[in-house]
2 protein chains.
Amino acid sequence: MDILGEVLIGGRGVRGSGAPLSAIAAADGVLLSPIFHGAGDEQVALACELAGAAFDSFRARPDSERADLLDAIGAQIMALGDTLVERAMQESGLPQARIVGERARAVGQLQLFARLLRDGWWRQVTIDSALPERTPPRPDIRMGQMPLGPVAVFGASNFPLAFSVAGGDTAAALAAGCPVLVKGHPAHPGTGELIGRAIQRALLECAMPAAVFALLPGAANGVGEALVRHPAVAAVGFTGSRQGGLALLRIAQARPLPIPVYAEMSAINPVFLLPHALAARGDALARDFVASLTMGVGQFCTNPGLLLGLRGDAFERFGAAAQAALAACPTGTMLSPAIGAAYVRGVGQLAAASGVAALGQGTASPVAGQGALFTTDAGNFLANAALGAEVFGPAALLVACDDMAQMRQVAEHLEGQLTATVQMDADDYDSARALLPVLERKVGRILANGFPTGVEVSTAMVHGGPFPATADGRSTSVGAAAIYRFVRPLAYQNLPQELLPAPLRDDAEIPAWRRRDGVLTQQ
Amino acid sequence: MDILGEVLIGGRGVRGSGAPLSAIAAADGVLLSPIFHGAGDEQVALACELAGAAFDSFRARPDSERADLLDAIGAQIMALGDTLVERAMQESGLPQARIVGERARAVGQLQLFARLLRDGWWRQVTIDSALPERTPPRPDIRMGQMPLGPVAVFGASNFPLAFSVAGGDTAAALAAGCPVLVKGHPAHPGTGELIGRAIQRALLECAMPAAVFALLPGAANGVGEALVRHPAVAAVGFTGSRQGGLALLRIAQARPLPIPVYAEMSAINPVFLLPHALAARGDALARDFVASLTMGVGQFCTNPGLLLGLRGDAFERFGAAAQAALAACPTGTMLSPAIGAAYVRGVGQLAAASGVAALGQGTASPVAGQGALFTTDAGNFLANAALGAEVFGPAALLVACDDMAQMRQVAEHLEGQLTATVQMDADDYDSARALLPVLERKVGRILANGFPTGVEVSTAMVHGGPFPATADGRSTSVGAAAIYRFVRPLAYQNLPQELLPAPLRDDAEIPAWRRRDGVLTQQ
């Protein structure tokens, strides 16, 4: 379980021929050993070519065997034990409980996709039976899911386990039958290497092609750009900044053969405090809001960065209560010095914006991550697009609206978002009815009476949303439906049973539900 | 049922403020009355704004009412009777049987989506039940389908009914809950207006918002480009040339808020003649091939334009038999003078290409549409990318391969295609097994022992395929699954039952199958 600072290709670790990079302890900026060597151009190309060559044999393996692989990866991750937990804590600055919890989330994701594969339903096998007597005769047509090909996965800074080397993108892509090429995040290269070696061991254990996985570290953007440009790469999974996601999108669209980019980029996740709920339970809402805002030092894609209420006493009391709760919150270590610096810049820009007042900040501290609340009115918010930009960290803006019509106007004005939350009591339902159609057009998930952090990994979850929350609003990057990012439908017409892919045959080994002639059946 | 040459917006016909355009009889180039007035910029903008404003109310209507609308459109189209058939024949040059058949196909598509809506399954409602006892408690999460918004639909030249004003794109978009803005094809503006008025009558009959549909004729590209640029437009459906589709794709990607483009663009639909099948039934294959090649004067997206066989007597006999069959085929009128001219150009380029020999042509005729067969060898085909370009019309290239390995190499070399066909007998199955993985990566539909024309409208059909066959290989433009081009998943977390969209409620009016906690149920 050593960390050697290597590039992982073809089942082996090799010294990277690219630029070196260093792991840095998030808490104090101390360099962590070893020195990592980034992947060189020819290593990126080799990994892509090997993955492309392994694609047909990997996707031909039965779903049950890919399910075993996902479970084996989970087991290998757990077998890393404290080595993994400690390294992830060092590199990310996240506390032990969070890392342990995130590890459970990552393993849980792998297991979710393993269950999906064993169940068989995910392929949504659809069959139109032959009608030889019809004029003209109808052929036998069967629709299955075809994996797209090797997927380039970009590790996220804020989830060193659950959205990185063996995170949701990797789990979904492997489940779909796609080889995975990971551009490791430079903020946690040691964590990445530990996980990458766990995947290599699992592939070996399951007798799967080693080329199905590669880990390509890199300090700068070159490795990622080379990955997205390579002809063998068929899709991209990314969680990170808008700037980074859009850059990859542009590269992918400019290819001779364009490929889909699933980039989960940015959101401010508006929370609408409807009047009756705010009057009845403003203090509790304020406490819960601050707990969500400061969880993980605000470094979640679903962090609630925008609160909307009607101007008046109740909203002012809410602001004061939130400020009081925030003042009692300890400052946390941010994921990296760069993220901390960007947060301080963003808070400074909010503080300096015209018409924006500081409500107050959390406990002062020499390290970044100090919570910050600001307030403005809806007219000002509508007039200044910069106020709708994400500040990654525990900062939020409270916006006072004149009336529900103006609150709806603010909602219409928002960019695409991952989530919107409505705090409401029964007497607010009419107001909610007027607001919900706008929110449905703007977001991927609508919550009532909760807060958006804590994204459930389940079958119905949508962690996505219209551009620019994501690059492709037709997808989710969390939950079982994330697998559909990496497949396309493929129809077979009149193929002999023995030449059909196993899941489409009449005697498919997994007796999954199918849609036959418009009717669901297990026959 | 008059044709007035008008733009259809907001339930009315108005004189277009754009450039005039004329309908031309395909058979003889004679101008057909009346003069049409294309949509002006402000009319395009108005139609888009009205559609955007009507979107929320349209999508809120129950699925059953949108099903009634689709059926009503079908009935109104049938009520046009001979007026429609005759106009479509004049404008397209297609014979009566084809137009009557295509009308049945168009009405059948509307009915297919109506059935899909009444069945309810299409929404794939997925529910994760609340687990209040869990730590942390799991919320109730429900995933449904959210329509994207107004869809710009581009009528196709080659299907004046089934892929045009009320064609598959329109049917799928309306079914999904999206308003439709049609850029009518300039080759059949009168047919388009008749159909457009039928849709307007159906909307009125069903008390649906009139703004849900507009027909915007235009001779040049300006109307279509303005549509794709308009902020209210949320997706694009297109069937036509690669040049046209790629132009729309570039516009859509360059928008401040990019939108998906479903452009079905070009294909040569390779047919692989495996040795035993070719030896056993080459003559019958040649006859069936020529019937497919010349059907509709070869003007189908799925026209078989590339035939691959192993060099030798059997393949030569096949070529001779195909040529004999073609020589007996009457020349047909092509859809428009422009398409006829492009076809003659394409055939001329094939005839002049190095290493390509003419096998012969169909019956000579002063009008375009004369079938043409050419032959070359695989080495030459691999060396000249131009030989893989679509020639829209009844032309095909026979490629002689040295062995199965070279046939597979040609398959690897192909661009993305709508279809691939394998002619095989049982003794060919081993060869087919080696070829199929390549074809799976290249196409949207694989056929055995048939020909690719005659695309079934059914639940399992995929009429799509990897770029550049389509702009988005994750979709189909024919069959029930075409509806998924125009929706995205949306999750609701802990919403009160009365605020959920009706199909997601526990007491949904349509008792569709749902996936609840990972299990299919009708509860």
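Data block above holds the structure.
Anyway, here's the lowdown on the structure attached to this text. All of these numbers come straight from a predicted model, not from anything done at the bench. Counting restarts for each chain, with residues numbered from 1 along the sequence as it is written. Labels follow written order: the first chain is A, the first ligand is 1, and so on. Local features are withheld for residues below a pLDDT of 70 in this predicted model, meaning they are given only at 70 or higher, and side-chain atom pairs are given and counted only at 80 or more; totals for whole chains, interfaces and linings count all residues. Heavy atoms from the whole structure form the basis of all side-chain values; hydrogens and water molecules are not counted.

**Some points on the overall build of chain A**
Going along the chain from the N terminus, every DSSP run of H or I of four or more residues is numbered as a helix, and every run of E of two or more is numbered as a strand. Looking only at helices and strands, chain A features 14 helices and 21 strands. Our radius of gyration looks at C-alpha atoms and nothing else; its globule reference is 2.2 Å times the residue count to the power 0.38. Compactness check: chain A gives a C-alpha radius of gyration of 24 Å against a globular reference of 24 Å for 523 residues, within 12% of the reference. Each principal axis of the C-alpha atoms in chain A carries an extent, and together these give about 75 × 65 × 40 Å. Within chain A, residue pairs in contact and separated by at least 24 positions form 76% of the contacts whose partners lie at least 6 positions apart. To measure how exposed things are, a 1.4 Å probe is used in the Shrake-Rupley method; for residues, cover is taken only from the protein chains shown. Accessible area for chain A stands at about 17800 Å²; split by element, carbon and sulfur atoms hold 56% of it. Charge assignment: positive for Lys and Arg, negative for Asp and Glu; neither His nor the chain ends contribute. Lysine's charge is taken at NZ, arginine's at CZ, aspartate's at CG and glutamate's at CD. Side-chain charges of chain A comprise 39 positive and 46 negative groups, with the mean position of each set lying 4 Å from the other. Contacts are assigned to residue pairs that have any heavy atoms within 4.5 Å of one another.

**Overview of the packing of helix 4 (residues 96-119) of chain B against helix 5 (residues 168-176) of chain B**
Residues and elements named next belong to chain B. Axis lines are fitted to C-alpha atoms, over the contacting stretch for helices. Their N-to-C directions set the angle, which ranges from 0 to 180 degrees. For the pair helix 4 and helix 5, the least separation of the axes is 9 Å and the interaxial angle reads 20°. As summarised for this structure, helix 4 and helix 5 are arranged roughly parallel, according to the angle between their axes. Both helix 4 and helix 5 take part in a crossing whose hand is right-handed. Residue-level inspection shows Q109, L110, F113 and L117 of helix 4 in contact with helix 5, the latter providing G168, A171, A172 and A175. Looking at side-chain class alone, the contact of helix 4 with helix 5 contains six nonpolar, two polar and no charged residues. Convention used here: angles under 35 degrees read as roughly parallel, angles over 145 as roughly antiparallel, angles from 65 to 115 as roughly perpendicular, and any remaining angle as oblique. Working rule for handedness: look at the near helix, and if it is turned counterclockwise from the far one by less than a right angle, call the crossing left-handed; if clockwise, right-handed. Gly is placed with the polar residues, together with every amino acid not listed as nonpolar (Ala, Val, Leu, Ile, Met, Phe, Trp, Tyr, Cys and Pro) or charged (Asp, Glu, Lys and Arg).

**Some words on the sheet that holds strand 16 (residues 395-401) of chain A**
A pair of strands is considered paired only if DSSP assigns at least 2 bridges between the two. The sheet built from twelve strands is open, its strands ordered 14(A)-15(A)-16(A)-13(A)-12(A)-17(A)-18(A)-19(B)-6(B)-5(B)-20(B)-21(B) with mixed pairing. The two strands at the open ends of the sheet, each matched to only one other strand, are strand 14 (357-361) of chain A together with strand 21 (519-521) of chain B. Between one strand axis and the next, the sheet turns by 25° as a mean value, whatever way the strands run. One ladder, built from three bridges, connects strand 12 (residues 270-273) of chain A with strand 17 (residues 417-423) of chain A; its direction is parallel. Opposite L273(A), over in strand 17 of chain A, you have Q423(A) as the bridge partner.

**A closer look at helix 9 (residues 275-294) of chain A**
One full turn of an α-helix is made of 3.6 residues, so residues set three or four places apart face in the same direction. Residue and element names in this part refer to chain A. Each residue after the first adds 1.5 Å to the expected span of a helix. Along its 20 residues, helix 9 runs just 24 Å from first to last C-alpha, ending more than 12% under the 28 Å computed at 1.5 Å per residue. The bend at a residue is defined as the angle formed between two axes, one fitted to the seven residues ending at that residue and one fitted to the seven starting there. At R281, helix 9 shows its largest kink, close to 90°. Here the term buried applies to any residue with accessible area under 20% of the maximum for its type, exposed to any over 50%, and partly exposed to those in between, with areas from a 1.4 Å probe on protein chains only. Among all positions in helix 9, only A277, L278, G282, L285, A286, F289, V290, S292 and L293 are buried. Where helix 9 terminates, the next one or two residues include G296, which has phi positive at roughly 60°.

**Examining the pattern of salt bridges**
What counts as a salt bridge is simple: a side-chain nitrogen of Lys or Arg found within 4 Å of a carboxyl oxygen of Asp or Glu. Scanning all chains against the criterion turns up 54 salt bridges over all chains. In this structure, the salt-bridge partner of R474(B) is D472(A), at a minimum N-O distance of 3.1 Å. Here R474(B) is found in the loop between strand 18 (443-448) and strand 19 (487-493), whereas its partner D472(A) is found in the loop between strand 18 (443-448) and strand 19 (487-493) on a different chain. You can call R474(B) partly exposed: its relative accessible area is 24%. Among the residues examined, D472(A) registers a relative accessible area of 6% and is labelled buried. Between D63(B) and R66(B) there is a salt bridge; the shortest N-O distance is 3.0 Å. Taken together, the residues D63(B) and R66(B), both in helix 2 (residues 63-79) and three residues apart, mark about one turn of the helix. D63(B) sits in the buried class, given a relative accessible area of 6%. Assessed through its relative accessible area of 1%, R66(B) is described here as buried. Taken together, the shared-partner salt bridges connect D56(A), R59(A), E412(B), E440(B) and R441(B) into one network.

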